[in-house]
Amino acid sequence: MTPADAARAVDAVWRIEGARIVAALARMTGDLGFAEDVAQEAVAEALASWPENGIPANTGAWLTAVAKRRVIDAWRRRERLDKRHRAIAHDLAEAVEDEWEPIDDDLLRLVFTACHPALSRESQVALTLRVVGGLTTVEIARMLLVPVATVQARITRAKKTLAAAHVPFETPDPSEWRQRLDGVLSVVYLVFTEGYSATAGERWTRPDLADEALRLGRVLAGLLPREPATHALVALMELQRSRFAARESRTGAPILLADQDRSRWDQGQIARGRAALRRADAEAAARGQGRGAYALQAAIAECHCVAPSVEQTDWERIVVLYEALGRIAPSPVVELNRAVAVSMATGPATALAIVDDLAAAGELRGSPLLPSVRGELLARLGRAAEARAEFEEAASRTASAPQRALLEAKAAALD
Amino acid sequence: MKHMLIMRATADAVAAYEEMDFETVINAMGAYNEAMMKAGVMVAGDGLAPEPGYVVDFSADPPLVTDGPYGEVHELFNGFWIIQTATADEAVEWAKRCPLGPGSKLEVRRVTDETDFADYADNEFVKKEAGWRDELAQP
């Protein structure tokens, strides 16, 4: 086996076993940063040993055993340096003798620690992709379109922050469970949305990043099967991901929902998304709860996914879902989306009143969203001059060249 | 990327499999499937019933339909998974963990996606899509 073959094999094994190995080591040491470091040393040892000795039969156990030896070595060194640690190290060394059995609880601790609120959002994303996703820093850099050194710096900073803040390797207390779980889900969804409509790079969608988020979401749903929100997030991501093939032109430009070839939507993925939404609804019902924000967004996506065309979409239902979403997660973007749905369900005049209220409240100032929607509504109402002014205003507000070209074309078409 | 793991077994392997305790087989496969579910990589999977089905042979026009496959076809296709992984190596690593014995093989084949049809610019469906290239807007 060549060193290159070994490197590929190690990466593949790490991707499957890495999270559980790091989780078990962090549980043993109580220190995620240290656990990740010794796990990396084990990987380095595999890269040196496997080309010569072949791939061991049980790769996960091999890597764990090597990492555990490194932990004990480090403890022995520390013991010499500081006698006060001797008793603690002794207890921990005894614990190491126990049979290593990766358990879901450790993986859950890993997820919550990687998304700890002491960390910046960028560090949470990098550390989660690294330790939970089992991706190399090179892979993360490629997915996030940032230099490898930047990813390394974010992970290093994250480990230092966790150590400095004495963040325990634990799942949150019941009192802060809800908030911490929301934090974890939002990290996963942030990774997905960056893949769904990339804010950087040449392509509109980045399927590999979206798929990684989906995988993390499925892992979470498996770890927390009784939490409605984990299934709802998976449902939302599956349903949105199902449209990727039709959402982007060959040149990487976005294609309007109305212009998408719906035969290219992934029906298997839609079925999985709908099943996940039903599961989320069932878990919520079992707790006597209604739909949360992810479930409502998934339900909206579902309306689009099952509709044969824009005209045959159940816009009344979408309006109701946006109203519910606006009640539990009010935001001007939700309100603007509600206005678009109202314009399809009832007509542009009613929708314009909603948009005018948003404008009067000074919302979304500087964003092209509001004037572009307002322009559409005015155009449909036959108020061409006002519509043209809105499109021109929207064009002046966007940094995206394709979007500006479209808005300018819409303005010109009203002459 | 998605890969299909195609399970094939020689007649001997099928015979050996039938000797095994079915509950043991179900438990081993169940644990394997559960591991892939928990890892978030499993997209689909099913077994194919052991009895012969039908073979539609396009050497004739109209195609010739026979019972089968039989006899000389030693390599039986008896089940599949579709898994979604970051790399082909990861898919191979999952395949290696499948609880199968001697005589069984797993073929790991990439499932095509939209990027595979770039060379078919003359196809009417691809042309239809090309017409949209200028339709640039919000999703």
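Residues numbered from 1 in each chain as written. Chains lettered and ligands numbered in written order. Predicted model: local features only at pLDDT ≥ 70, side-chain atom pairs only at ≥ 80, totals over all residues.

Side note on the overall build of chain A
Then, in step 1: In terms of helices and strands, chain A carries 20 helices and zero strands.
Then, in step 2: Overall size of chain A, expressed as C-alpha extent along the three principal axes, is 80 × 50 × 40 Å.
Then, in step 3: Taking all 415 residues of chain A together, the buried fraction comes to 46%.
Then, in step 4: A fraction of 60% describes how many contacts in chain A between residues 6 or more apart in sequence connect residues 24 or more apart. (Helix = DSSP H or I, 4+ residues; strand = E, 2+ residues; numbered from the N terminus. Buried ≥ 20, exposed ≤ 12 C-beta atoms within 10 Å, placed from the backbone. Contact = placed C-beta atoms within 7 Å.)

Some points on the overall build of chain B
Then, in step 1: Per the secondary structure count, chain B includes four helices and six strands.
Then, in step 2: The secondary structure elements of chain B, listed N-terminal to C-terminal, are β-α-α-β-β-β-β-α-β-α.
Then, in step 3: In chain B, which comprises 139 residues, the share counted as buried stands at 14%.
Then, in step 4: For chain B, contacts bridging at least 24 residues in sequence account for 72% of all contacts bridging at least 6.

Focus on unusual backbone geometry
Then, in step 1: Asp61(B) connects to Pro62(B) through a cis peptide bond whose omega is 0 degrees.
Then, in step 2: Its identity as a non-glycine residue notwithstanding, Leu145(A) has a phi of 55 degrees, on the positive side.
Then, in step 3: When you line up the elements, Leu145(A) lands in the loop between α7 (137-144) and α8 (148-164).
Then, in step 4: Using a count of 15 C-beta atoms within 10 Å as the deciding quantity, one classes Leu145(A) as partly exposed.
Then, in step 5: In the Ramachandran plot, His166(A) falls in the positive-phi region, its phi being about 50 degrees despite a non-glycine side chain.

Comments concerning the confidence of the model for chain B
All names here are of chain B.
Then, in step 1: Summing up the model confidence of chain B, the mean pLDDT is 80 and the portion of residues at 70 or higher is 77%.
Then, in step 2: Predicted confidence is poor over residues 130-139, with pLDDT under 50, and the contacts of this stretch with residues over four places away or in other chains come to 26 contacts.
Then, in step 3: Both confidence scores are given for the complex: pTM 0.84, ipTM 0.73. (pLDDT = per-residue confidence, 0-100.)

Considering the environment of Ile26(B)
Then, in step 1: Checked against the element boundaries, Ile26(B) lands in helix α2 (residues 22-38).
Then, in step 2: In this structure the C-alpha to C-alpha distance between Ile26(B) and Val41(B), which are 15 residues apart in sequence, comes to 20 Å.

Thoughts on the UniProt feature "domain: RNA polymerase sigma factor 70 region 4 type" (unreviewed entry) in chain A
Then, in step 1: The positions UniProt marks with the feature "domain: RNA polymerase sigma factor 70 region 4 type" (unreviewed entry) are residues 112-162 of chain A.
Then, in step 2: The straight-line gap between the two end C-alpha atoms of residues 112-162 of chain A is 12 Å; of that span, 75% is helix and 0% is strand. (UniProt positions renumbered as here; feature names shortened; annotations may be inferred.)

Examining the packing of helix α14 (residues 293-306) of chain A against helix α15 (residues 315-328) of chain A
Residue and element names in this part refer to chain A.
Then, in step 1: Running from N to C, α14 and α15 cross one another at 165 degrees; their axes reach a closest spacing of 9 Å. For the element pair α14 / α15, the angle class is roughly antiparallel. The two elements α14 and α15 cross, and the hand of that crossing is left-handed. Listed contacts from α15 to Ala 293, Leu 296, Gln 297, Ala 299, Ile 300 and Cys 303 of α14 are Arg 317, Ile 318, Leu 321, Tyr 322, Ala 324, Leu 325 and Ile 328.
Then, in step 2: Tallied by class, residues from the contact of α14 with α15 come to 11 nonpolar, one polar and one charged. (Axes fitted to C-alpha atoms, helices over the stretch in contact; angles between N-to-C directions. Parallel < 35°, antiparallel > 145°, perpendicular 65-115°, else oblique. Left-handed = near helix turned anticlockwise from the far one by under 90°. Nonpolar A, V, L, I, M, F, W, Y, C, P; charged D, E, K, R; others polar.)

Observations concerning the pairing of strand β1 (residues 2-9) of chain B
Residue and element names in this part refer to chain B.
Then, in step 1: The alternating pattern of β1 places His 3, Leu 5, Met 7 and Ala 9 on a buried face, while none of Lys 2, Met 4, Ile 6 and Arg 8, on the opposite face, is buried.
Then, in step 2: Sheet topology places β1 next to strand β6 (residues 104-110); seven bridges connect them, and they run antiparallel. From the neighbouring strand, Leu 5 faces β6, where its bridge partner is Val 108. (Pairing = 2+ DSSP bridges.)

Section: the nonpolar core
Residues and elements named next belong to chain A.
Then, in step 1: Counting 123 residues, the largest nonpolar core has Val 22, Leu 25, Leu 110, Val 188, Ala 232 and Ala 298 as the members making the most contacts within it.
Then, in step 2: Broken down by element, this core gets its largest block of residues, 15 residues, from helix α1 (residues 3-29).
Then, in step 3: Contacts of Val 188, omitting those with residues within four sequence positions, involve Ala 213, Leu 216, Gly 217, Leu 220 and Leu 233. (Core = buried A, V, L, I, M, F, W, Y, C linked by C-beta atoms within 7 Å.)

A word on the confidence of the model for chain A
Residues and elements named next belong to chain A.
Then, in step 1: Confidence in the prediction for chain A averages 88 pLDDT; 91% of positions are at 70 or higher.
Then, in step 2: Confidence, read as mean pLDDT per element, is least for helix α4 (residues 86-96) in chain A (56) and greatest for α14 (97).
Then, in step 3: Taken together, the stretch residues 96-100 has pLDDT below 50 and engages in seven contacts with residues farther than four places along the chain or on a different chain.

A closer look at helix α3 (residues 88-96) of chain B
Then, in step 1: Listed as buried for α3(B) are Glu90(B), Ala91(B), Glu93(B) and Trp94(B). When α3(B) is viewed along its axis, its buried side chains cluster within an angular range of 160 degrees and face the same direction. (Arc of directions from axis to C-beta.)

Remarks on the environment of Ala282(A)
Then, in step 1: Following the sequence through the fold, Ala282(A) ends up in helix α13 (residues 267-286).
Then, in step 2: For the pair Ala282(A) and Arg226(A), spaced 56 residues apart in sequence, the C-alpha to C-alpha distance is 9.5 Å.

Notes on the environment of Val184(A)
Then, in step 1: Positionally, Val184(A) belongs in helix α9 (residues 174-196).
Then, in step 2: Put simply, Val184(A) and His116(A) are 68 residues apart on the chain and 8.1 Å apart in space, counted from C-alpha to C-alpha.

Considerations on the packing of α15(A) against helix α16 (residues 332-345) of chain A
Residue and element names in this part refer to chain A.
Then, in step 1: It is at 8 Å that the axes of α15 and α16 come closest, and there the two elements cross at 160 degrees. On the basis of their axis angle, the class for α15 and α16 is roughly antiparallel. You can see that α15 and α16 cross each other, and the crossing is left-handed. Contacts between α15 and α16 involve Trp 315, Glu 316, Ile 318, Val 319, Tyr 322, Glu 323, Leu 325 and Gly 326 from the first element and Val 334, Glu 335, Asn 337, Arg 338, Ala 341, Val 342, Met 344 and Ala 345 from the second.
Then, in step 2: Looking at the contact of α15 with α16, its residues break down into 10 nonpolar, two polar and four charged.

Topic: the pairing of strand β3 (residues 53-57) of chain B
All names here are of chain B.
Then, in step 1: β3 sits mainly on the outside: zero of its five residues count as buried.
Then, in step 2: Bridge count for β3 against strand β4 (residues 64-68) is five bridges, and the pairing is antiparallel. Residue pairing in the sheet places Tyr 54 in a bridge with Asp 67 of β4.

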